[in-house]
Amino acid sequence: FFFNRIKNSFAMAQYGKTSYWDERYTKDPEPFDWYQRYTGISELLKKYVKKDDNILIAGAGNSRLSEDMYEDGYQTLTNIDISRVVVDQMIEKYKDKSALSYQQMNVCSLDFPDESFDSVVSKAVMDAILCGEGSTANVAKMCQEVSRVLKPHGVFFIVSYGVPDNRLQYLENEDY
């Protein structure tokens, strides 16, 4: 009985739901970087993502990643997030930095033409999708969409908490 009461009092975060993110960003608008700040991944980014690339930041949230990349010389950063709340916050915050654009969009259904981006950067997005309903199918949709909007020889830069053997199974698919 005691164990069940404790177990039921801890609801698992619904990272796969838009409503979770809207509520989170309404309650806590302070910037937050999942897993790594820019300083922790900057050397790897510089190795694979060029400063003059047309870059899509998927699941941007209120991370400082785009701002830090911009300050480090990256020129064109398109940020998307599923949460209208955080997108509106970021549009207001960066209204004076035209190189940083923000749009509400689902990474599983991108509103960009084919071959629009040189690089797509995604921190924790795959992990969040894997916490939602239809996770396997939705990760496949994300990969298909990213593949579609990437230019030939484009880079999909993923930061994930998952071990490579687990995450690579989603990426090593000949359909995309």
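Peer 1: I'm lost on the overall build of the protein in this one. Help?
Peer 2: Within the protein, the secondary structure is distributed over eight helices and five strands. Ordered by position from N to C terminus, the α and β elements of the protein give α-α-α-β-α-β-α-β-β-α-α-β-α. The globule rule puts the C-alpha radius of gyration for 176 residues at 16 Å, and the 17 Å found for the protein is close to it. Considering only C-alpha atoms, the protein reaches an extent of 60 × 40 × 30 Å along its principal axes.

Peer 1: For this particular structure, what's the right way to read the nonpolar core?
Peer 2: The tendency in soluble globular proteins is for nonpolar side chains to be buried side by side. If you look at the biggest cluster of nonpolar residues, it comprises 24 residues, and the most contacted ones within it are Leu45, Ile55, Ile57, Leu65, Met69 and Tyr74. When residues of this core are traced back to their parent elements, those giving at least two are helix H2 (18–27), helix H3 (38–48), strand E1 (54–58), helix H4 (65–71), helix H5 (84–93), strand E3 (100–104) and strand E5 (150–159). If we skip the residues at most four places from it in the chain, Leu65 touches Asp33, Tyr38, Ile41, Leu45, Ile57, Val121 and Lys123. If you look at the next biggest cluster of nonpolar residues, it comprises 20 residues, including Ile80, Phe117, Ile129 and Val139.

Peer 1: Would you mind going over the layout of surface pockets with me for this structure?
Peer 2: Space left empty within the atom packing is revealed by a probe, the size of a water molecule, rolled over the atoms. In this structure, the largest pocket spans a volume of roughly 740 Å³. In this structure, the largest pocket is lined by 39 residues; those nearest its centre are Tyr15, Trp21, Val125, Ala128 and Ile129. Contributions of two or more residues to the lining of the largest pocket are made by H2, E1, strand E2 (76–81), strand E4 (117–123) and helix H6 (125–129). Among the elements that take part in the lining of the largest pocket, H6 stands out by supplying four residues, more than any other. For the lining of the largest pocket, the per-class residue count stands at 21 nonpolar, ten polar and eight charged. The computed volume of the second largest pocket comes to approximately 400 Å³.

Peer 1: What am I meant to see in the environment of Ile129 here?
Peer 2: With respect to the helices and strands, Ile129 occurs in helix H6. A sequence separation of 15 residues divides Ile129 from Asp114, and the C-alpha atoms of the two residues are 23 Å apart. Leaving out residues up to four positions away in the same chain, Ile129 has contacts with Val107, Cys108, Ser135, Asn138, Val139 and Met142.

Peer 1: I tried to follow the sheet that holds E2 on my own but got confused; where do I start?
Peer 2: Within a sheet, adjacent strands bond to each other through the backbone by hydrogen bonds, running parallel or antiparallel. Ordered by their spatial adjacency, five strands build an open sheet running E3-E2-E1-E4-E5, and the pairing between neighbours is parallel. In this open sheet, the two edge strands, each paired with only one partner strand, are E3 and E5. On average, adjacent strands in this sheet sit at an angle of 20 degrees to one another, irrespective of strand direction. In terms of strand pairing, E4 meets E5 through six bridges, oriented parallel. Opposite Ser119, over in E5, you have Val155 as the bridge partner. Here H3 sits on the sheet and contacts E4 and E5; the angle it forms with E5, its principal contact strand, is near 170 degrees.

Peer 1: Where do I start with the pairing of E2 in this structure?
Peer 2: Consecutive residues of a regular strand have side chains that alternate between opposite faces of the sheet. With five of six residues buried, E2 is to be regarded as a mostly interior element. The sheet contact formed by E1 and E2 spans five bridges and is parallel. Considered in E2, the bridge of Asn54 is made with Thr76. Read as a crossover between parallel neighbours, the route from E1 over H4 to E2 is right-handed.

What counts as what
Residues numbered from 1 in each chain as written. Predicted model: local features only at pLDDT ≥ 70, side-chain atom pairs only at ≥ 80, totals over all residues. Heavy atoms only, no water. Helix = DSSP H or I, 4+ residues; strand = E, 2+ residues; numbered from the N terminus. Rg over C-alpha atoms; globule rule 2.2 N^0.38 Å. Core = buried A, V, L, I, M, F, W, Y, C linked by side-chain atoms within 4.5 Å. Buried < 20%, exposed > 50% of the residue type's maximum accessible area, 1.4 Å probe, protein only. Contact = heavy atoms within 4.5 Å. 1 Å grid on protein atoms, 1.4 Å probe; cavity = no way out; pocket = protein on both sides within 12 Å on 5 of 7 lines; lining within 4 Å. Points joined across faces, edges and corners; volume = space filled by probe spheres on them. Nonpolar A, V, L, I, M, F, W, Y, C, P; charged D, E, K, R; others polar. Pairing = 2+ DSSP bridges. Axes fitted to C-alpha atoms, helices over the stretch in contact; angles between N-to-C directions. Right-handed = clockwise from strand over helix to strand, strands pointing away.

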